[in-house]
Amino acid sequence: MDLATLIGLVLAIVGIVGGNIVEGGNPMALINLPGFMIVILGTVGAVMISQPLSTMIGLPKSIMKAFFGGAAHNSAETVDLFVTMADKARREGLLALEADVDKIHDPFTRKGVQLMIDGTDPELLREIMEIEVESMKHRHEGNFAVLEFMGGIAPTIGVLGAVMGLMTVMQHLDEPDHIGPGIATAFVATFYAVFTANVLFLPLANKLKNNSKHEIHAFNVVIEGLMSIQAGDNPRIVREKLEGFLQPKERAKKDEHGDAVRREAA
């Protein structure tokens, strides 16, 4: 689970609702069925008009990826994997890697290594893998674009809910019992709209966007690793090249690990 997403959501709710309580408000006043129906159902309905049904059906799964992180990619481990393969390929040839293909858990990496072993032309191999990355990027963009659209349209639906609430108030000015519920619908609908847009839809869209960038970056490490092995690069060169993709803290950890291994060997 992505703790940052969960903790951030809890903090946002505690901060907003808690602040309302400290101010002397009643949290139960934030529960309003008409306002909920206008904003949430209205927003979902408007998005369904703009998107294919398949995209909407897959939306819950995409949202879950923001909380559970989706596929994990450890670029530091990928570097070690390709350095090991480069060393074996130089000593025993590319065909010697055939025995290790089934041990590779990531489907993208496994596909690339298998194509490399099969003798695929380097330019064609890069093209095939980049098409795979572009296809994945397109799918991801469709997912977070829906959430961004929801974040953009929800406040407008909230204004619509506020107008409808005020219309109800104006129609019953001579009936004091109807004024309160009408005003409540007007303000709570606006609250729901601003809350969902700025605490849920837009932050979740940004989380999915960042996850996509991370996955694309990890796949680029794989592609460069394949190209280096196919070119017959020295394992040390492969490491130097691929470690350029790593964050400074990841490189520092690898250096510390390498020093520890060398001390044990001595």
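Rules used in this analysis
Residues numbered from 1 in each chain as written. Predicted model: local features only at pLDDT ≥ 70, side-chain atom pairs only at ≥ 80, totals over all residues. Heavy atoms only, no water. Helix = DSSP H or I, 4+ residues; strand = E, 2+ residues; numbered from the N terminus. Rg over C-alpha atoms; globule rule 2.2 N^0.38 Å. Buried < 20%, exposed > 50% of the residue type's maximum accessible area, 1.4 Å probe, protein only. Contact = heavy atoms within 4.5 Å. Areas by Shrake-Rupley, 256 points an atom, 1.4 Å probe, with all protein chains shown as cover. Salt bridge = Lys/Arg side-chain N within 4 Å of Asp/Glu carboxyl O. Phe/Tyr/Trp six-rings, centres within 6.5 Å; stacked < 30°, edge-to-face > 60°. Core = buried A, V, L, I, M, F, W, Y, C linked by side-chain atoms within 4.5 Å. pLDDT = per-residue confidence, 0-100. Axes fitted to C-alpha atoms, helices over the stretch in contact; angles between N-to-C directions. Parallel < 35°, antiparallel > 145°, perpendicular 65-115°, else oblique. Left-handed = near helix turned anticlockwise from the far one by under 90°. Patch = residues over 30% accessible without salt bridge, like charges linked within 9 Å, V, L, I, M, F, W, Y side chains within 5 Å.

**Let's talk about the overall build of the protein**
Right, so step 1: A count of helical and extended segments in the protein gives 9 helices and 0 strands.
Right, so step 2: In the protein, the succession of α and β elements from N to C terminus is α-α-α-α-α-α-α-α-α.
Right, so step 3: For 266 residues, the compact-globule estimate of 2.2 N^0.38 gives 18 Å, and the protein exceeds it by more than 25% at 27 Å.
Right, so step 4: In the protein, which comprises 266 residues, the proportion classed as buried is 35%.
Right, so step 5: Taking as baseline every contact in the protein between residues at least 6 positions apart, the subset at least 24 positions apart corresponds to 76%.
Right, so step 6: Accessible area for the protein stands at about 15500 Å²; split by element, carbon and sulfur atoms hold 63% of it.

**Digging into the pattern of salt bridges**
Right, so step 1: Taken as a whole, this structure holds 11 salt bridges when the rule is applied.
Right, so step 2: Across the pair aspartate 80 and arginine 239 runs a salt bridge, and its minimum N-O distance is 3.2 Å. Taken as a pair, aspartate 80 in helix H4 (residues 75-92) and arginine 239 in helix H8 (residues 235-243) lie far apart in primary sequence, 159 residues in all.
Right, so step 3: Arginine 239 sits in the partly exposed class, given a relative accessible area of 27%.
Right, so step 4: The closest approach of N and O atoms between lysine 209 and glutamate 148, which form a salt bridge, is 2.8 Å. Taken together, the residues lysine 209 in helix H7 (residues 176-230) and glutamate 148 in helix H6 (residues 122-171) connect sequence positions 61 residues apart.

**Remarks on the packing of aromatic side chains**
Right, so step 1: Considering all chains together, one arrives at 4 aromatic pairs under this definition.
Right, so step 2: A ring pair is formed by phenylalanine 191 and tyrosine 192, whose centres lie 6.0 Å apart and whose planes are at 50°; its orientation type is tilted.
Right, so step 3: On the basis of relative accessible area, tyrosine 192 is assigned to the buried category, the value being 12%.
Right, so step 4: An aromatic cluster of three or more residues is present, and its members are Phe36, Phe191, Tyr192 and Phe195.

**Focus: the nonpolar core**
Right, so step 1: Judged by nonpolar contacts, the single largest core of 28 residues is most densely connected at Phe82, Met85, Phe108, Val113, Met116, Leu226 and Ile229.
Right, so step 2: Elements represented by at least two residues in this core include exactly H4, helix H5 (107-117), H6, H7 and H8.
Right, so step 3: Broken down by element, this core gets its largest block of residues, 8 residues, from H7.
Right, so step 4: Here methionine 85 is in contact with Leu97, Ile104, Val113 and Ile229, once residues within four sequence places are set aside.
Right, so step 5: Phe67, Met150, Ala205 and Leu208 belong to the second-largest nonpolar core, a separate cluster that totals 15 residues.

**Some words on the confidence of the model for the protein**
Right, so step 1: Chain-level pLDDT for the protein is 86 on average; 92% of the residues reach the 70-or-more range.
Right, so step 2: When mean pLDDT is taken per element in the protein, H5 scores highest with 94 and helix H9 (residues 248-265) scores lowest with 52.
Right, so step 3: Within the model, the stretch residues 257-266 combines pLDDT values under 50 with 1 contact to residues more than four positions away or in other chains.

**Some details on the packing of H5 against H6**
Right, so step 1: It is at 10 Å that the axes of H5 and H6 come closest, and there the two elements cross at 165°. In terms of axis orientation, H5 runs roughly antiparallel to H6. Crossing hand, H5 versus H6: right-handed. Every residue of H6 that contacts H5 at Phe108, Lys111, Gly112, Leu115 and Met116 is listed here: Leu125, Ile128, Met129, Glu132 and Val133.

**A closer look at the environment of methionine 85**
Right, so step 1: Take methionine 85: it is sitting in helix H4.
Right, so step 2: In this structure, the C-alpha to C-alpha distance between methionine 85 and proline 235, residues 150 residues apart in sequence, is 8.4 Å.

**Brief notes about a nonpolar patch on the surface**
Right, so step 1: A surface patch of nonpolar side chains, amounting to about 550 Å² of accessible area, comprises Leu3, Leu6, Ile7, Val10, Leu11 and Val14.
Right, so step 2: Note that isoleucine 7 resides in helix H1 (residues 3-22).
Right, so step 3: Judged by its relative accessible area of 47%, isoleucine 7 is partly exposed.

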